[in-house]
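# Structural overview
Listed below are the residues making up each chain.
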Amino acid sequence: MKTASANGAIGGYYGKPIVKPPEWTPLIPTYFWAGGLAGACAALGLVSRVRKKHGLARTMTLAAAAGSALSGFCLIADLKKPSRFANMLRVFKPTSPMSVGVYVFSIFGGSSMAAAASELTGIATPLGRAFETIAGLVGPVMSVYTSVLISDTAMPAWLHGRESLPLLFAATSASTAGAVGLCCAPPDENGAARRLALVGAIAVRFALKRLHHELGKTQAEPYEKGRAGMLAFLAGALNIAGTIAAARGKGLAKAGGALLLAGGLAERFAVYHAGKQSAKDPKYIIAAQT
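Predicted, not measured: the structure shown is a model, and the values here were computed from it.

## A look at the overall build of the protein chain
Counting its secondary structure elements, the protein chain contains 11 helices and 2 strands. For the protein chain, the sequential pattern of α-helices and β-strands runs β-β-α-α-α-α-α-α-α-α-α-α-α. Taken against the 2.2 N^0.38 rule, which gives 19 Å for 290 residues, the C-alpha radius of gyration of the protein chain at 20 Å falls within 12% of a compact globule. Sorting the 290 residues of the protein chain into buried and exposed places 51% on the buried side. Intrachain contacts of the protein chain at a sequence separation of at least 6 include 71% that bridge at least 24 residues. In the structure as shown, the protein chain presents an accessible area of about 13,600 Å², 67% of it carried by carbon and sulfur atoms.

Written as structure tokens, this is what we have:
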């Protein structure tokens, strides 16, 4: 039974949402951000190693492990019981984005941690380089797989943007990985990190335009209103400021990197809240069926 509110808006069944919003904590968008950053860092680290930029490669290898650790902590903490994550590894379902994602995360996390351990201790360097290669090859998948996960849900703002969300996640992962290099890598070796940060930051703007075009005027509203809208505005401002600072030269590199990191985190939270808002308002579910 649909009900109408005083302002004419369509309600759900006896005032309840048609689709149940996700009961996630802020740990989940943080998990999205840290995992995406880690994946792109590993990919840049592998490229840097091949190009003999060992200072940048070391920074990216350690950042990939740190991002993986933070991402894993957020995911398992939100699950409440570590055994729930272990249970997901018991069965592999190629048709399930969740199942595939768990294995991608596990392979990437283990490889990045092993590579970082070897980098820090100097022990078993050839084996460490092998794990670094695995993490670098899996990294691009790691940087976008969470967008596939949320696109496979019933949240209108995610479901109906399923073609563009991977592009947005890839772009923010690239900009934040490059930002890590600007903040932490040796200044004489961070040229590739600067380029990745700038390309990623510019790509974010194009990905957002594509997302809004894919969603259409009505379905894009959750990204423009409420908490999601405020976070999206903040993310855009940080992204623009970070791009300008990063492009200005070495003097503002660290500031630009910090701004891009914050902008990427704000963007992930904006996407997260847009999904929740679209589930709470039945208008977006009904509009998709008319």
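## Section: the pattern of salt bridges
Scanning all chains against the criterion turns up 5 salt bridges. Here arginine 49 ties to glutamate 132 by a salt bridge, and the two come within 2.9 Å at their closest N and O atoms. Taken as a pair, arginine 49 in helix α1 (residues 27-50) and glutamate 132 in helix α5 (residues 125-151) lie far apart in primary sequence, 83 residues in all. A relative accessible area of 5% places glutamate 132 in the buried class. Between arginine 58 and glutamate 119 there is a salt bridge, and its shortest N-O distance comes to 3.3 Å. Remark: glutamate 119 occurs in helix α4 (residues 97-121) and arginine 58 occurs in helix α2 (residues 54-79); sequence separation between them is 61 residues.

## Observations concerning helix α8 (residues 191-219)
For α8, spanning 29 residues, the distance from its first C-alpha to its last is 39 Å, which sits close to the expected 42 Å at 1.5 Å a residue. If you look at α8, its biggest bend is around 55 degrees, right at histidine 213.

## Some thoughts on the layout of surface pockets
Each pocket or cavity is described by its volume, and for the largest pocket that value is around 370 Å³. If you trace the largest pocket, you find 21 residues lining it, with Trp24, Ile28, Leu75, Met98 and Leu149 closest to the centre. Elements that contribute at least two residues to the lining of the largest pocket include exactly α1, α2, α3 (82-88), α4 and α5. Considering every element that reaches the lining of the largest pocket, the biggest residue donor is α4, with 4 residues. The class makeup of the residues in the lining of the largest pocket is 13 nonpolar, 3 polar and 5 charged. Along its surface, the second largest pocket is lined by Arg205, Leu208, His212, Tyr223, Glu224, Ala232, Phe233, Gly236, Ala237, Ile240 and Glu267. Listed by contribution, the elements that provide at least two residues to the lining of the second largest pocket are α8 and α9 (226-248). Looking at which element gives the most residues to the lining of the second largest pocket, the answer is α9, with 5 residues. Grouping the amino acids of the lining of the second largest pocket by side-chain chemistry returns 6 nonpolar, 2 polar and 3 charged.

## A closer look at the packing of α4 against α5
Relative to each other, α4 and α5 sit at 145 degrees, their axes nearing to 7 Å. In this structure, α4 crosses over α5, and the sense of that crossing is left-handed. In terms of residue class, the contact of α4 with α5 is built from 17 nonpolar, 7 polar and 3 charged.

## With respect to the nonpolar core
Within soluble globular proteins, side chains that are nonpolar tend to cluster in buried spots. Among the nonpolar cores identified, the biggest contains 62 residues, and Tyr31, Leu165 and Tyr223 are the most heavily contacted of them. Sorting elements by how many residues they give to this core places α1 first, with 11 residues. For leucine 165, the contacting residues outside a window of four places in its chain are Ser147, Ile150, Ser151, Ala157, Trp158, Leu211, Tyr223 and Val271.

## Some details on unusual backbone geometry
Phi angles above zero are rare outside glycine, and lysine 52 is one such case at about 65 degrees. Looking at where lysine 52 falls in the secondary structure, it is placed in the loop between α1 and α2. For lysine 52, a relative accessible area of 61% gives the class exposed.

## A short note on the packing of aromatic side chains
Aromatic ring pairs are defined here through the distance separating the ring centres and the angle between the ring planes. Scanning the entire structure with this criterion turns up 7 aromatic pairs. For the pair tryptophan 24 and tyrosine 272, a centre-to-centre distance of 6.4 Å together with 15 degrees between the ring planes defines the contact as stacked. Of this pair, tryptophan 24 sits in the loop between β2 (10-13) and α1 while tyrosine 272 sits in helix α10 (residues 253-280), and the two are 248 residues apart along the sequence. You can call tryptophan 24 partly exposed: its relative accessible area is 29%. Of the residues examined, tyrosine 272 reaches a relative accessible area of 2% and is grouped as buried.

Calculation rules
Numbers given to residues run from 1 along each chain, matching the order in which its sequence is written. pLDDT decides what is reported in this predicted model: residues at 70 or higher carry local features, side-chain atom pairs at 80 or more are listed and counted, and totals for whole chains, interfaces and linings draw on all residues regardless. Hydrogens and water molecules were not included; the side-chain quantities draw on all heavy atoms of the structure. A run of DSSP states H or I qualifies as a helix once it reaches four residues; a run of E qualifies as a strand once it reaches two. Both are numbered from the N-terminal end. Based on C-alpha atoms, the radius of gyration is set beside the globule rule, defined as 2.2 Å times the residue count to the power 0.38. The rule is simple: take the accessible area with a 1.4 Å probe, protein chains only, and divide by the maximum for that residue type; under 20% is buried, over 50% is exposed, in between is partly exposed. Whether two residues touch is decided by their heavy atoms; if any such pair falls within 4.5 Å, the residues are in contact. Shrake-Rupley sampling with a 1.4 Å probe provides the accessible areas, and residues are treated as covered by the protein chains on show and by no other component. Think of a salt bridge as a Lys or Arg side-chain nitrogen and an Asp or Glu carboxyl oxygen that are within 4 Å of each other. Multiplying 1.5 Å by the residue count of a helix minus one yields the expected span of that helix. Note on bend: at a given residue it equals the angle between the axes fitted to the 7 residues ending there and to the 7 starting there. Residues are said to line a cavity or pocket when one of their atoms sits within 4 Å of a point; the points come from a 1 Å grid over protein atoms alone, cavities being sets where a 1.4 Å probe fits but cannot get out and pockets being open sets with protein on both sides within 12 Å along at least five of seven lines. Grid points are joined across faces, edges and corners, and a volume is the space filled by probe spheres set on the points. Residues are grouped as follows: Ala, Val, Leu, Ile, Met, Phe, Trp, Tyr, Cys and Pro are nonpolar; Asp, Glu, Lys and Arg are charged; all remaining types, including Gly, are polar. To obtain an axis, a line is fitted to C-alpha atoms, over the contacting stretch when the element is a helix, and the angle between two such axes runs from 0 to 180 degrees between their N-to-C directions. Each crossing gets its handedness from the near helix: less than a right angle anticlockwise from the far helix is left-handed, clockwise is right-handed. Nonpolar core, defined: a set of buried Ala, Val, Leu, Ile, Met, Phe, Trp, Tyr and Cys residues in which side-chain atoms within 4.5 Å join the residues together. Think of it this way: a Phe, Tyr or Trp ring, Trp meaning its six-membered ring, pairs with another when their centres are within 6.5 Å, and the plane angle makes it stacked under 30 degrees, edge-to-face over 60, tilted otherwise.

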